[in-house]
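What follows is the residue order along each chain.
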Amino acid sequence: MHIKGTTILAVKKDDTITVAGDGQVTLDTTVLKHGARKVRRLYNNEVIVGFAGATADAFTLFDRFDQKLEQYGGNLLRAAVELTKDWRTDRVLRHLEALMIAVSRDYSLIISGNGDVIESDDDVMAIGSGGAFAQAAARALVRHSDLSATEIAREAMKIASEICIYTNDRITLEEIDLGAEKPTEAKKSKK
């Protein structure tokens, strides 16, 4: 039996990037948990990461990724590339089967253990069992509505939860306001 599930969606629109994740954890044909938190903030709340895969793998990768972000001063792209190098070569990490979405003010990336670091073409990306459903719904809402990034993410995740049996409607949302000053800029201007 395998633990299945997860839908993670990232939407960038106007001055906001939102990452949403559902809360369902499924073992074979049984829902084990309804309110899992699969979206986290890292590196002084400047990076949002969503994870599709086993819980233990998620915590291991969140930890390692946070270390890489610290090591490279919050540079998301550099930290992601270095994480994938470790992920492919480390004897323990290379057995982790997972995908991650990571966003910052500058980048929106999908990161895999195969060494992939993929940037979005259209500011909408998704992973997990309901990812294709959420991504399709989000693209339609971006193109044909005036909803905000957070509203689009919430509605697209609800639509995915109505289609994918491994996705529920207990959604965690995290956002980055791109219109606000960067935290380091705000600190400098106060001096």
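Each value, and the rule that gives it
For every chain, the first residue of the written sequence is number 1, and numbering continues from 1 onward in sequence order. In keeping with the model being predicted, local features are shown solely for residues with a pLDDT of at least 70 and side-chain atom pairs are shown and tallied solely at 80 or more, while totals for entire chains, interfaces and linings include all residues. Side-chain metrics rest on all non-hydrogen atoms present in the structure, leaving aside hydrogens and water. pLDDT: the predictor's confidence for each residue, scored from 0 to 100. When checking whether two residues touch, look at their non-hydrogen atoms; a contact exists if any pair is within 4.5 Å. Put simply, DSSP marks the helices as runs of H or I at least four residues long and the strands as runs of E at least two long, and each gets a number from the N terminus on. A helix is expected to reach a length of 1.5 Å times the quantity of its residues less one. Each residue gets one of three labels from its accessible area relative to the maximum for its type: buried under 20%, exposed over 50%, partly exposed in between, using a 1.4 Å probe on protein chains only. Directions drawn from the helix axis to the C-beta atoms are what define this arc. Paired strands, as defined in this entry, are two strands with at least two bridges between them according to DSSP.

> What is the right way to read the confidence of the model for the chain from this model?
Keep in mind that low pLDDT regions are not for reading the predicted coordinates in detail. Per-chain confidence: the chain averages 89 in pLDDT, with 93% of residues scoring 70 or above. Here residues 185-191 is a poorly scored stretch, pLDDT under 50, and it has two contacts once near neighbours within four places are set aside; other chains count.

> How should I be thinking about helix α1 (residues 55-71) in this particular structure?
In an α-helix there are 3.6 residues to a turn, and that puts residues three or four apart on one side. Counted at 1.5 Å a residue, the expected span for α1 with its 17 residues is 24 Å, and the 24 Å between its end C-alpha atoms agrees. Taken together, the buried positions of α1 are occupied by Asp57, Ala58, Leu61, Phe62, Phe65, Lys68 and Leu69. Here the buried residues of α1 occupy an arc of 130 degrees about the axis, which is enough to place them on one side. Facing away from the buried side of α1, by more than 90 degrees, are the exposed residues Ala56, Asp63 and Gln71. Contacts from the buried residues of α1 go to β6 (39-42), β7 (47-53), α2 (76-89), β8 (98-103) and β9 (108-112). Positioned one or two residues after α1, Gly73 has a phi angle of 60 degrees, which is positive.

> What should I look at first to understand the pairing of strand β11 (residues 124-128) in this one?
Looking along a regular strand, one sees the side chains alternate between the two faces of the sheet. β11 sits mainly inside the fold: four of its five residues count as buried. Pairing between strand β2 (residues 7-13) and β11: five bridges, direction antiparallel. Looking at the pairing, Thr7 lines up with Gly128 of β11.

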